[in-house]
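Architecture at a glance
In case you want the letters, here they are:
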Amino acid sequence: FLHALAREIVTNHNGKFPRTAIELEMLPGIGPYTARAVATFAYNTPDVFIETNIRSVYIHHFFPNKKTVSDKELIAFITRTLDRNHPREWYWALMDYGSYLKSRGIRVHRKSRHYVKQSPFEGSKREVRGMILRTLTEGAYTKKQLSVRTKKDIARIKEVLDDLSREGLITKRGAKFVLG
């Protein structure tokens, strides 16, 4: 996505990185959260967005007795409380405070209707992707060589290589795979 995004900026934006969330969201791989977070942190725009630590702060303070809370409910509070003059600093503080709450054992983010416990990393497709990409930084490898290097079965390697190829992160050259 980063490569496609860079190409889009050079080709269609004269090499200038878009400044608004709406423009950013039109770029490949940029969704609503990322567009608003980038606009806020890069350009200090008062866009409303939510992430896990922000979610924790608002649930903790505004919904302490509620069993489940939707992002729509949280967005209403974020919109009303956003520091429109210093949004970058406001979000930094919220994120730091949300992290602090979690470090103190306050785990209210699980009350969110949008909370999904991530599957374990070990043995996951995410882990295999990382292993393959890390290995390919050293040079070109065949499926079999990647299987030996990662200690993962060839079927799993093929599945992940197909995904990485489709996403444009790797290229097949003959029997070998390379980054890009």
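Look above for the structure.
First things first, this report covers the structure right here in the doc.

1. Quick notes on the nonpolar core
Formed by 17 residues in total, the largest nonpolar core has its most connected members in Phe 49, Ile 54, Tyr 58, Leu 74, Ile 78, Tyr 91 and Leu 94. At the level of secondary structure, the elements contributing two or more residues to this core comprise α4 (52-62), α5 (71-81) and α6 (87-103). Each residue touching Ile 78, except ones within four places of it in the same chain, is listed here: Val 48, Phe 49, Ile 50, Ile 54, Tyr 58 and Tyr 91. Judged by nonpolar contacts, the second largest core, of 11 residues, contains Val 128, Leu 136, Leu 146 and Ile 157.

2. Some remarks on the packing of helix α3 (residues 32-43) against α6
Contact geometry for α3 and α6: axes closest at 7 Å, N-to-C directions at 115°. Remark: the crossing between α3 and α6 carries left-handed chirality. Residue-level inspection shows Tyr 33, Thr 40, Phe 41, Ala 42 and Tyr 43 of α3 in contact with α6, the latter providing Pro 87, Arg 88, Tyr 91, Trp 92 and Met 95. Looking at the contact of α3 with α6 residue by residue, the classes come out as eight nonpolar, one polar and one charged.

3. Observations regarding the packing of aromatic side chains
Tallied over the full model, the rule gives nine aromatic pairs. Taking 6.5 Å as the distance between ring centres and 70° as the angle between the ring planes, the aromatic pair formed by Phe 41 and Tyr 91 counts as edge-to-face. Of this pair, Phe 41 sits in helix α3 while Tyr 91 sits in helix α6, and the two are 50 residues apart along the sequence. Assessed through its relative accessible area of 26%, Phe 41 is described here as partly exposed. For the ring pair Tyr 58 and Phe 62, a centre distance of 5.4 Å and an interplane angle of 20° mean the geometry is stacked. Here the residue Tyr 58 and the residue Phe 62 both occupy positions in helix α4, the gap between them amounting to four residues, near one helical turn. On the basis of relative accessible area, Tyr 58 is assigned to the buried category, the value being 2%. Take Phe 62: its relative accessible area is 37%, and that puts it in the partly exposed class. Members of the aromatic cluster, joined through ring pairs, are Tyr 33, Phe 41, Phe 49, Tyr 91 and Trp 92. The ring of Phe 77 has Arg 80 sitting right over it, with the charged end atom 4.7 Å from the ring centre.

4. Examining the pairing of strand β3 (residues 176-179)
The sheet contact formed by strand β1 (residues 141-142) and β3 spans two bridges and is antiparallel. Across the sheet, Thr 142 pairs through a bridge with Lys 176, a residue of β3. Here strand β2 (residues 170-173) runs beside β3; their pairing, made up of four bridges, is antiparallel. By the bridge assignment for β3, Arg 173 is matched with Lys 176. Between β2 and β3, which pair antiparallel in sequence order, lie two residues; one of them, Gly 174, sits at a positive phi of approximately 70°.

5. Structural notes on the pattern of salt bridges
This structure, assessed with the given rule, holds 10 salt bridges. For the salt bridge of Glu 25 with Arg 36, the shortest nitrogen-to-oxygen distance reads 2.8 Å. Remark: Arg 36 occurs in helix α3 and Glu 25 occurs in helix α2 (residues 21-25); sequence separation between them is 11 residues. The class for Glu 25 is partly exposed, based on a relative accessible area of 31%. What makes Arg 36 partly exposed here is its relative accessible area of 21%. Close ionic contact of Glu 167 with Arg 129 constitutes a salt bridge, the shortest N to O distance being 2.7 Å. Pair noted here: Glu 167 is in the loop between α9 (154-166) and β2 and Arg 129 is in helix α7 (residues 125-136), with a separation of 38 residues, a long-range link. Taking the relative accessible area as the measure of exposure, Glu 167 reaches 42% and is therefore partly exposed.

Cut-offs applied
Residues numbered from 1 in each chain as written. Predicted model: local features only at pLDDT ≥ 70, side-chain atom pairs only at ≥ 80, totals over all residues. Heavy atoms only, no water. Core = buried A, V, L, I, M, F, W, Y, C linked by side-chain atoms within 4.5 Å. Buried < 20%, exposed > 50% of the residue type's maximum accessible area, 1.4 Å probe, protein only. Helix = DSSP H or I, 4+ residues; strand = E, 2+ residues; numbered from the N terminus. Contact = heavy atoms within 4.5 Å. Axes fitted to C-alpha atoms, helices over the stretch in contact; angles between N-to-C directions. Left-handed = near helix turned anticlockwise from the far one by under 90°. Nonpolar A, V, L, I, M, F, W, Y, C, P; charged D, E, K, R; others polar. Phe/Tyr/Trp six-rings, centres within 6.5 Å; stacked < 30°, edge-to-face > 60°. Lys NZ or Arg CZ within 6 Å of the ring centre and 35° of its normal. Pairing = 2+ DSSP bridges. Salt bridge = Lys/Arg side-chain N within 4 Å of Asp/Glu carboxyl O.

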